[in-house]
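What follows is each chain in one-letter form.
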Amino acid sequence: MEPEQGRATPHSPGRTLRARRRRPAVLAMAVALIAAGGLGGAVLYNSTGQRVAVLALARDVPYGQVVTDADLVVARIASDPALKPLGAVDRKDAVGMRAATDLRRGALLLKADLAQALTVQPGQLVVGVSAKRTQLPATRLQPGAQIVVVFTPDTGRPDSLAAVVTTIGRVDTDGSQVVDVAVPAADAARLAAWVASGRIQVVLAPRGAPSGGAPGTPTPSGTAPSGTAPGTAAPSASQSGAGGA
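The structure reproduced in this document is the subject of the present report. (Residues numbered from 1 in each chain as written. Predicted model: local features only at pLDDT ≥ 70, side-chain atom pairs only at ≥ 80, totals over all residues. Heavy atoms only, no water.)

### Some words on the overall build of the protein
Step number 1: Of regular secondary structure, the protein possesses four helices and nine strands.
Step number 2: Each helix (α) and strand (β) of the protein, taken in turn from the N terminus, gives the series α-β-β-α-β-β-β-β-β-β-α-β-α.
Step number 3: The proportion of buried residues among the 245 residues of the protein is 32%.
Step number 4: Contacts in the protein between residues far apart in sequence, at least 24 positions, make up 66% of those at least 6 positions apart.
Step number 5: Counting every atom, the protein has about 15500 Å² of accessible surface; 57% of that belongs to carbon and sulfur. (Helix = DSSP H or I, 4+ residues; strand = E, 2+ residues; numbered from the N terminus. Buried < 20%, exposed > 50% of the residue type's maximum accessible area, 1.4 Å probe, protein only. Contact = heavy atoms within 4.5 Å. Areas by Shrake-Rupley, 256 points an atom, 1.4 Å probe, with all protein chains shown as cover.)

### Brief notes about the pairing of strand β6 (residues 146-151)
Step number 1: Counting buried positions over the six residues of β6 gives six, a clear majority of the element.
Step number 2: Neither face of β6 is exposed, since Gln146, Val148 and Val150 on one face and Ile147, Val149 and Phe151 on the opposite face are all buried.
Step number 3: Sheet topology note: the β6/strand β7 (residues 159-171) ladder contains six bridges and is antiparallel. Counterpart to Gln146 in the pairing with β7 is Val164.
Step number 4: Alignment of β6 against strand β9 (residues 200-204), held across five bridges, turns out to be antiparallel. Counted as the bridge partner of Val148 is Val203 from β9. (Pairing = 2+ DSSP bridges.)

### Considerations on the sheet that holds strand β5 (residues 124-131)
Step number 1: Taken together, five strands build an open sheet; the order of strands is β5-β8-β7-β6-β9 and the sheet is antiparallel. Each edge of the open sheet is held by one strand with a lone partner, namely β5 and β9. Pairs of neighbouring strands in the sheet enclose a mean axial angle of 40°, with direction left out of account.
Step number 2: Summarising the sheet, β5 and strand β8 (residues 177-184) pair through eight bridges and their orientation is antiparallel. Bridge pairing links Val127 to Val181 in β8.
Step number 3: Running over the sheet, helix α3 (residues 185-197) touches β5, β6, β7, β8 and β9 and is turned about 10° from β5. (Axes fitted to C-alpha atoms, helices over the stretch in contact; angles between N-to-C directions.)

### Focus: α3
Step number 1: Taken together, the buried positions of α3 are occupied by Asp187, Ala188, Arg190, Leu191, Trp194 and Val195.
Step number 2: A positive backbone phi angle near 80° is found at Gly198, which sits one or two residues after α3.

### Topic: the nonpolar core
Step number 1: Counting 21 residues, the largest nonpolar core has Ile147, Val181, Val183 and Leu191 as its most contacted members.
Step number 2: The set of elements that each furnish at least two residues to this core consists of β5, β6, β7, β8, α3 and β9.
Step number 3: Per-element tally for this core: the top contributor is α3, with four residues.
Step number 4: Contact partners of Ile147, with chain neighbours within four places excluded, come to Leu141, Leu161, Ala162, Ala163, Val165, Val181, Val202, Val203, Leu204 and Ala205.
Step number 5: In terms of nonpolar packing, the next biggest core, distinct from the first, is built from eleven residues, Leu57, Val61, Ala99 and Leu114 among them. (Core = buried A, V, L, I, M, F, W, Y, C linked by side-chain atoms within 4.5 Å.)

### Digging into the pairing of β8
Two faces make up the sheet, and in a regular strand the side chains alternate between them.
Step number 1: The buried fraction of β8 is high, at six of eight residues.
Step number 2: Where β7 lies against β8, five bridges are found, and the strand directions are antiparallel. By the bridge assignment, Val165 is partnered in β8 with Val181.

Written as structure tokens, this is what we have:
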């Protein structure tokens with residue numbers, strides 16, 4: 001049977017037309033994926049590329065030396081969980097501590113690089129000096145500080161001995177405090193006897209002054225170091241022996 005004339009024959013759209021109809025949806029999806037990828041990349045860049053202020057070494061600091069403010073510089077690095085240097089906010093805490101190893105210029109400063117107590121050198125002993133508040137200087141002592149312990153007997157001339165602070169104890173309820181100091185082994189017994197008598201005065205030596213307790217620079221027993229309090233004469237050998245009695 002033939003179709004009637006004048007009536008259109010229905011037909012299905014071709015593959016090309018269907019592909020053209022789907023193309024706008026595919027393009028929209030592609031644009032959305034690109035935008036999401038760009039946003040994720042931006043978030044990742046911001047999280048990994050964020051810079052933080054940390055401490056670095058402005059110059060070499062030998063092992064055992066006190067870290068000064070001039071030894072430090074603030075550096076800005078990308079945040080990385082694998083790196084844990086001290087932040088710039090820790091600068092005040094780092095100053096005054098001692099290098100626990102040889103610190104090199106340009107290196108980031110880590111917590112493990114610093115030590116609060118002075119490492120005792122061969123030929124030295126640590127003596128605990130117990131003193132009242134009135135026997136200590138008003139300036140707060142720090143590890144590495146050079147001091148002079150002055151012995152004030154009831155009779156005879158005062159005697160003195162240089163030392164280096166290694167550890168600061170807590171202040172007791174009565175205001176007394178124990179300060180560990182390093183001295184040459186030959187002077188340890190004499191200093192312990194002074195402390196036991198209670199007739200001592202701790203004098204803070206000028207910064208940079210030679211100290212008998214400093215590593216590698218022991219002062220012979222009975223010799224008053226530089227920085228001895230005004231009016232304190234260098235004791236003779238006989239007086240030194242009397243002081244240790």
